[in-house]
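Fold and contact review
Each chain, letter by letter, is given below.
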Amino acid sequence: MKNRLKASVLAILTLLSLLVSGVYAQEALNKVLVVVNESVITQADLEKRINLLELEYRSAGQQPPTRRDVAARLLEDMIVDSLLLELARRNGFAVDSGQVDFALSVIAQQNGLNVNQLRTVIEQNGVSFSDYREDLRRQLILRQLINSRIGRTISVSDQEVDEYLAQNPVAANVADRKLEVAQILFAVPADVAGEERLEVRRLAEDVRQRLLEGWSFEAAVAEYSSDEQAANGGSLGLRTASQLPEIFLSALKNVSVGGLSEVFESPRGFHILKLVRELSGSSALIAQREVRHILVRQTALLPKEQVRARLDRIRDRIMAGEDFGEVAKLQSEDAGTRALGGSLGWVDVGGFPPEFEQALRPLTVNEVSPVFETGAGLHIAQITGEREVDVGENLRRRQAEQAIRGKKTQEALEQWTQSLREDAYVQYRVAIEG
């Protein structure tokens, strides 16, 4: 009996010890490190940010710094973020779950994953997926606020771009020129020779002559070509010169864009090539869409539900046959595009805000989107054209402008956040070693 009683007492003491240690551990995580105005930053908050930072380093294939090295710096970043988020809340900036989901899908796609695979990678690195989502939501809100307060005030002149390019020269681009080639292949089996093979060549020469006289290349491909690309008009797609056979390059040596090669022979048979287009090694193709939209904003007198219902009715009228542009001139509240029938012009794919891009992504040309929401209000949109443009040397200027704009934005942000920091109430509850 005494032994059983002693064992029971020991079990109770052990249980109490575990409970007490658990309470202390929980208290350690909930320990307030800093008070920022009416908000607090706890040890648990700091631990989450350290975990996220370590995930970033590992994703980049780098060794994360020690927690001791980054704790103090991260805490200062969290103080600034707290002030900015407080300001964002007061000014009505918010991000819904759909916007976070879209951002997650973009991140996953950039890493060659789907969202479920991305989640697995995040959790395998010791980060809660819910913490990752919440951090992403925070970043999106901060981006909205910064773009609103700073982004629109930043300008970059042509002279600044010229000076940047002069100070940051790049080596000459030695990449291959790019060629889009279409072909007609008159296939001849390897064991065919003599007069029979010569007859196929005569046919190819005759077809080439008819093409020079105006016969459609696509029609000739459909009637004669044995190549597997015949269904695509014989196009081999856009390729660098190094991706084409040397015999093709020799045949195209003196051919201008739109012209035809002479008939030439390969082990597969006889060929006629058409040079569809040619781009220099410094060329860069950018996909663009021509887009128009109708914008309606909610107000105190016109809540979001009524705006959405109104746009649904407008969309129904367009789907029934009314002209999108004429309706936009009467209904859109975007003063900059209303007179143009809602036209936003040609815009690079990916050039719109994420919410707008998400609505455009599934659309085909002339299809009208469902009603969707951005920070500007509620919209319907339509893609009226798609194209690829060669931005060539303009790409370097655009990249230079982005670099200058980024630097100016960072400088303005640092000045603004320093001002917010000086005016805020910040009380450290514990000392963080740097």
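So, on to the packing of helix H3 (residues 67–90) against helix H6 (residues 129–149). For the pair H3 and H6, interaxial distance at closest approach is 10 Å and the crossing angle is 70°. Here H6 runs roughly perpendicular to H3, going by the angle between their axes. On H6, the residues that touch Asp 81, Leu 84, Leu 85, Leu 87 and Ala 88 of H3 are Arg 138, Ile 141, Leu 142, Leu 145 and Arg 149. The residue makeup of the contact of H3 with H6, split by class, is seven nonpolar, no polar and three charged.

What follows deals with helix H11 (residues 304–319). Compared with the 22 Å implied by 1.5 Å per residue over 16 residues, the 22 Å span of H11 between its first and last C-alpha is a close match. Here H11 has its buried residues at Val 307, Leu 311, Ile 314, Arg 315 and Ile 318. Looking straight down H11, one finds that the buried residues subtend no more than 100° of arc, so they occupy a single side. Exposed side of H11, more than 90 degrees from the buried face: Glu 305, Arg 313 and Met 319 are the residues found there.

Another point: the packing of helix H7 (residues 158–167) against helix H14 (residues 394–423). In a pair of packed helices, the angle between the axes and the distance between the axes together describe the arrangement. Viewed as axis vectors pointing N to C, H7 and H14 meet at an angle of 100°, and their least axial separation amounts to 9 Å. The orientation of H7 with respect to H14, classified from their angle, is roughly perpendicular. Along the contact surface, H7 presents Asp 158, Glu 160, Val 161, Asp 162, Tyr 164 and Leu 165, while H14 presents Arg 396, Arg 397, Ala 400, Glu 401, Ala 403, Ile 404 and Lys 408. In the contact of H7 with H14, the residues fall into six nonpolar, no polar and seven charged.

All right, on to the pattern of salt bridges then. Throughout the structure, instances matching the rule amount to 29 salt bridges. As a salt-bridge pair, Arg 73 and Asp 77 come within 3.8 Å of each other at their nearest N and O atoms. Of this pair, Arg 73 and Asp 77 both sit in helix H3, four residues apart, which is roughly one turn of that helix. On the basis of relative accessibility, which here comes to 42%, the residue Arg 73 falls in the partly exposed class. Accessibility expressed as a relative area gives 33% for Asp 77, which makes it partly exposed. The closest approach of N and O atoms between Asp 81 and Arg 138, which form a salt bridge, is 2.6 Å. Pair noted here: Asp 81 is in helix H3 and Arg 138 is in helix H6, with a separation of 57 residues, a long-range link. Residue Arg 138 is classed as buried on the basis of its relative accessible area of 15%.

Grouped together as the largest cluster of nonpolar side chains are 27 residues, with contacts concentrated most on Leu 104, Ile 122, Tyr 132, Leu 136 and Trp 416. Those elements giving two or more residues to this core turn out to be helix H2 (43–59), H3, helix H4 (97–110), helix H5 (115–124), H6 and H14. Looking at this core element by element, the count peaks at eight residues for H6. Every residue in contact with Leu 104, bar those within four places of it in the chain, is listed here: Val 115, Leu 118, Phe 129, Tyr 132, Arg 133 and Leu 136.

In this section: the confidence of the model for the chain. Low pLDDT marks stretches whose predicted atomic positions should not be read closely. Within the chain, residue pLDDT values average 84, and 89% of them lie at 70 or more. For the chain, per-element mean pLDDT is lowest for helix H1 (residues 2–30), which scores 45, and highest for helix H12 (residues 324–331), which scores 96. Confidence drops under a pLDDT of 50 for residues 1–27, and excluding neighbours within four residues, the segment shows zero contacts in the predicted structure.

Note on placement: Phe 102 falls in helix H4. For Phe 102, a relative accessible area of 9% translates into the label buried. In this structure the C-alpha to C-alpha distance between Phe 102 and Pro 354, which are 252 residues apart in sequence, comes to 7.5 Å. The contact partners of Phe 102, leaving out residues within four places of it in the chain, are Pro 354, Glu 357, Gln 358 and Arg 361.

About the cut-offs
- Residues numbered from 1 in each chain as written.
- Predicted model: local features only at pLDDT ≥ 70, side-chain atom pairs only at ≥ 80, totals over all residues.
- Heavy atoms only, no water.
- Axes fitted to C-alpha atoms, helices over the stretch in contact; angles between N-to-C directions.
- Helix = DSSP H or I, 4+ residues; strand = E, 2+ residues; numbered from the N terminus.
- Parallel < 35°, antiparallel > 145°, perpendicular 65-115°, else oblique.
- Contact = heavy atoms within 4.5 Å.
- Nonpolar A, V, L, I, M, F, W, Y, C, P; charged D, E, K, R; others polar.
- Expected span 1.5 Å × (residues − 1).
- Buried < 20%, exposed > 50% of the residue type's maximum accessible area, 1.4 Å probe, protein only.
- Arc of directions from axis to C-beta.
- Salt bridge = Lys/Arg side-chain N within 4 Å of Asp/Glu carboxyl O.
- Core = buried A, V, L, I, M, F, W, Y, C linked by side-chain atoms within 4.5 Å.
- pLDDT = per-residue confidence, 0-100.

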